[in-house]
Amino acid sequence: MTQRLEQQIAFLNEADKLKSVNRGTLLCDASRAENSAEHSWHLTLYALVLADQAGSDVDLTRVIKMLILHDLVEIDAGDNPIFGDFDQIAMEAQEQIAADRIFGILPNDLGDDLRATWEEFEANTTATARFAKSLDRFQPPMQNLAAGGGSWVEYNVTEETFVEKVGSKIATGAPGLWHFAQSKVSAWFAEHR
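Here, residues in each chain are numbered from 1, in the same order as that chain's written sequence. Selection of residues for local features in this predicted model requires a pLDDT of at least 70, selection of side-chain atom pairs for listing and counting requires 80 or more, and totals for whole chains, interfaces and linings are taken over all residues. In computing side-chain properties, one takes all heavy atoms of the structure into account and sets aside hydrogens as well as water.

(A) View of the side chain of H70. Within the secondary structure, H70 is located in the loop between α3 (60-69) and α4 (74-77). A simple rule labels every residue: compare its accessible area, found with a 1.4 Å probe on the protein chains alone, to the largest value its type can have, and call it buried under 20%, exposed over 50%, or partly exposed in between. On the basis of relative accessibility, which here comes to 2%, the residue H70 falls in the buried class. Strands here are runs of E lasting at least two residues and helices are runs of H or I lasting at least four, both read from the DSSP assignment and numbered beginning at the N terminus.

Structure follows, in structure tokens:
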């Protein structure tokens, strides 16, 4: 039992490093960039508050589990802003290596379970993963809108780029959220470009 607990605490201490990974998205008040731990927490709150946007085949408890785990690999791989310029294939390879190391800290049964949850989110093929992924794509635009454009300004994002990079992920898992986001984002771009 002691070894198991040592591994669990080691993992939790390692996860604390997510607080030091800064993201491209600003806080709603535009005072600073959010970190990945804040993003993960905020997404779990989005899942609780916006649960009525999920389909009947979505397991909300599993969504929350996915969202709290989904960015742990950024401890090693860093954050790659969706509108940034990076090699997608190289990033995915780095994230797999990071997942091996980070989930490998845990006892095998727990590490395997959490890794499988992370893999399901990444694959984005189940209704639960699609809803979780839609929230992951919906939250940053809501923050950008609150922050007066936030990272859209920094990355010179156009409405067309926004729709291309974000739209289908939101629409697939939460069509109502996509309709809401699209109308708000279109209005913002019409006013600011």
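(B) Broad picture of a nonpolar patch on the surface. Here a patch means residues that are over 30% exposed by relative accessible area and free of salt bridges, tied together within 9 Å if like-charged and within 5 Å if nonpolar (Val, Leu, Ile, Met, Phe, Trp, Tyr). Residue exposure ignores everything except the shown protein chains as possible cover, and the areas themselves are Shrake-Rupley values with a 1.4 Å probe. What makes a salt bridge here is a side-chain nitrogen of Lys or Arg within 4 Å of a carboxyl oxygen of Asp or Glu, nothing more. On the surface, W41, L45, L48 and V49 cluster together into a nonpolar patch covering about 420 Å² of accessible area. Along the chain, L45 falls in helix α2 (residues 36-49).

(C) Region of the structure containing the environment of E34. With respect to the helices and strands, E34 occurs in strand β2 (residues 33-35). Relative accessible area serves as the criterion here: at 1%, E34 is assigned to the buried category. Spatially, the C-alpha atoms of E34 and G24 are 7.5 Å apart, while their sequence positions differ by 10 residues. Here, residues are in contact when the closest pair of their heavy atoms is within 4.5 Å. Those residues within four positions of E34 in sequence are excluded, and the remaining contacts are V21, N22, R23, T25, L26, L27, H39, Q139 and Q143.

(D) Structural context of the packing of α3 against helix α7 (residues 127-146). Helix axes use the C-alpha atoms of the stretch in contact, all axes being lines fitted to C-alpha atoms, and the angles between their N-to-C directions lie in the range 0 to 180 degrees. Put simply, α3 and α7 touch, their axes get as near as 9 Å, and they point 50 degrees apart. In terms of their interaxial angle, α3 and α7 are classed as oblique. Considering the relative orientation of α3 and α7, their crossing is right-handed. Contacts between α3 and α7 pair R62, V63, M66 and L67 from the former with T128, A129, F131, A132 and L135 from the latter. Amino acid classes used here: Ala, Val, Leu, Ile, Met, Phe, Trp, Tyr, Cys and Pro are nonpolar; Asp, Glu, Lys and Arg are charged; the rest, including Gly, are polar. In terms of residue class, the contact of α3 with α7 is made up of seven nonpolar, one polar and one charged. The labels follow the angle: roughly parallel below 35 degrees, roughly antiparallel above 145, roughly perpendicular from 65 to 115, and oblique for the rest. Each crossing is labelled by how the near helix is turned from the far one, with a counterclockwise turn of less than a right angle marking it left-handed and a clockwise turn marking it right-handed.

(E) Highlighting the pairing of strand β1 (residues 22-26). Pairing analysis gives two bridges linking β1 to β2, with the strands arranged antiparallel. Across the sheet, the residue bridging to N22 is N35, located in β2. Hairpin connection of β1 to β2: six residues between the antiparallel strands, including A30 at a positive phi of 65 degrees. Here, a strand pair is defined by DSSP locating no fewer than two bridges between the strands.

(F) Representation of the nonpolar core within the structure. Joining through side-chain atoms within 4.5 Å is the link that ties buried Ala, Val, Leu, Ile, Met, Phe, Trp, Tyr and Cys residues into a set, and such a set is a nonpolar core. In terms of nonpolar packing, the biggest core is built from 29 residues, with V63, L67, L135, F138, W152 and F162 touching the most fellow members. Those elements that place two or more of their residues in this core are α2, α3, α7, α9 (159-173) and α10 (175-192). For this core, the leading source of residues is α7, giving seven residues. Leaving out residues up to four positions away in the same chain, F138 has contacts with Y46, L50, I170, L177, F180 and A181. Listed in part, the 14 residues of the second largest apolar core include V73, I75, I102 and W118.

(G) How the structure looks around the layout of surface pockets. Here the largest pocket defines a volume of roughly 800 Å³. Method remark: on a 1 Å grid restricted to protein atoms, a set of points is classed as a cavity if a 1.4 Å probe fits but cannot get out and as a pocket if it is open with protein on both sides within 12 Å along at least five of seven lines; lining residues have an atom within 4 Å of a point. Residue lining of the largest pocket: 38 residues in total, with N80, I82, F86, D136 and R137 positioned closest to the centre. Elements with a contribution of two residues or more to the lining of the largest pocket: β1, α5 (88-103), α6 (108-123), α7, α8 (150-154) and α9. Grouping the amino acids of the lining of the largest pocket by side-chain chemistry returns 13 nonpolar, 11 polar and 14 charged. Grid points are joined across faces, edges and corners, and a volume is the space filled by probe spheres set on the points.

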